[in-house]
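Fold and geometry: a report
Residue-level listing of the chains:
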Amino acid sequence: MKFSKFNITFDYNNKSYLTNTFSKSILEIDSRIKRIIENNISDALSKNEESLLGEHGFMVNESIDEIGLLRYRSNKLKNDKSEMEFVICPTLECNFSCTYCFESPRKGCMSQEIQDQVLQFIFEKVNDPDNKSVHIIWFGGEPLLYPDILLKMNDKLYQYCKENNKLFKSEIITNGYLLNVELVEKLIKCHIEHLQITLDGAKCSHDSRRILKNGDGTFDVIYKNLELLFNKPITVSLRMNVDKTNLENIADLEKSILKLNNPNIICHPAIVELSDMHFQDIKEKCFYDDSELQMYYGHPTISKYYNSYKCSDYGLRSFFCEAEHEHSFVIDEIGNVYKCWNSVGVDDEVYCTVKDTTPNPAIVSVFLGRDPFTEKKCVDCPYIPICAGGCVMQKKLRNENECCDNKFNFLESVKKSINMHKE
Ligand code: SF4
Ligand code: SF4
């Protein structure tokens, strides 16, 4: 037997522990065992110790290539058709001019002809007998600038899935400014279950970043619109984009949201993502390297949002996001298809079109050919079972992998599980 590559030793409350990101086991260990593990001298273990460690996944058979197993699982699930995700952008226009956003020069919305082609593209994909579930995400630009397109297409997609016995779920990523009583009712009627709305902190922080074209703040209108969702069958995740300039503000936002008394609204912080378009402009303000990310996730105001999980909640990750899944797509208003949300509107990033579905080999190689299980930084990393190499787009921008939130939060969740076990 040999030690698993995914073992992590750590000290907590004057005791030593061993955990494993693959098996999620936790074991209290003495200083001798800790030394044996850290120095990789498995011969020094007794038969009983070896068998206990093997039982909990801390030791594996000599002939097992653990990375090979992860790669096998990943390749299998990357091609799995049972769940398919389609992100649809009915327009790239937006009514906001957020300070960190790249604004597309493209005006206009999806024509009737493209709408029909998009539906046909999706129907052909999900018609596969192996497909069981369809997830639609409306994105933009601001998708509610053209609500009729969204409502009509969503309804057709819902009907198709219903007739063909497929699970259907649908959500919108919106700035929330254009919601009104009538529109909320229409969204519910056409089977939208979830909204993601961004509020970048409480009023003062939000209004300095998420502004209308004329520079006016947008907090008050969005907050009032959230009141329309009280007692409605729509869940809302309120995303707060965090960089070094507004880190403290999430606590104030949470206080404002609590006043809405709507348990369907959940706040969550998210790091401002760097994209090709504004990489140099905002890089300085963002949490960028490992030490800055550690500071972000360890910040007392932020950490409580990430540390509500037990370690057993961390599932195995076969690929980082849907951009690496062969059967998930992002579609823009002119029928171009991409793998990554951040690619929308960028000609060089087009994967195929809804009419000509021949994939672009350059995009296939970057997103579908990506293999973190051969990447130098990741193969020796104990977090690879719950990270899978991080975001491909960030890898492209940075020339190295960006470690994901699980790496920075897993040990805290292990400590939480230890505490729960003691109670
Ligand atoms: S590749 Fe990265 S930026 Fe693109 S959708 Fe996935 S996580 Fe987002
Ligand atoms: S991206 Fe970072 S955390 Fe993720 S597997 Fe690679 S080295 Fe580990």
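First, a word on what this report is: a plain description of the structure on this page. None of the values given here were measured: they were computed from a predicted structure.

Looking now at the site of ligand 2. Within the structure, ligand 2 sits among Lys377, Cys378, Cys381, Ile384, Cys387, Gly389, Asn401, Glu402, Cys403 and Lys407. If you list the elements that add at least two residues to the shell around ligand 2, you get helix 14 (376–379) and helix 15 (384–387). Looking at the shell around ligand 2, its residues break down into 5 nonpolar, 2 polar and 3 charged.

By size, the foremost hydrophobic cluster in this structure holds 85 residues, and its most contacted members are Phe86, Leu187, Leu195, Leu226 and Ile257. Looking at this core, the element that brings in the most residues is helix 5 (residues 147–163), giving 8 residues. In contact with Leu226, other than residues within four places in its own chain, are Ile197, Leu199, Val236, Leu238, Ile257, Leu260 and Ile265. Membership of the second largest hydrophobic core comes to 12 residues, among which are Phe10, Tyr17, Cys381 and Ile418.

Tracing the backbone shows Ile197 in strand 9 (residues 194–198). Residue classification places Ile197 among the buried positions, given a relative accessible area of 0%.

Of all the residues in helix 8 (residues 219–227), the buried ones are Phe219, Ile222, Tyr223, Asn225 and Leu226. Around the axis of helix 8, the buried residues are gathered within 160° of arc, so they sit on the same side. Among the structural elements, strand 9, helix 7 (203–207), strand 10 (235–242), helix 9 (250–258) and strand 11 (265–271) are those in contact with the buried residues of helix 8.

Rules used throughout
- Residues numbered from 1 in each chain as written.
- Chains lettered and ligands numbered in written order.
- Predicted model: local features only at pLDDT ≥ 70, side-chain atom pairs only at ≥ 80, totals over all residues.
- Heavy atoms only, no water.
- Near = heavy atom within 4 Å.
- Helix = DSSP H or I, 4+ residues; strand = E, 2+ residues; numbered from the N terminus.
- Nonpolar A, V, L, I, M, F, W, Y, C, P; charged D, E, K, R; others polar.
- Core = buried A, V, L, I, M, F, W, Y, C linked by side-chain atoms within 4.5 Å.
- Buried < 20%, exposed > 50% of the residue type's maximum accessible area, 1.4 Å probe, protein only.
- Contact = heavy atoms within 4.5 Å.
- Arc of directions from axis to C-beta.

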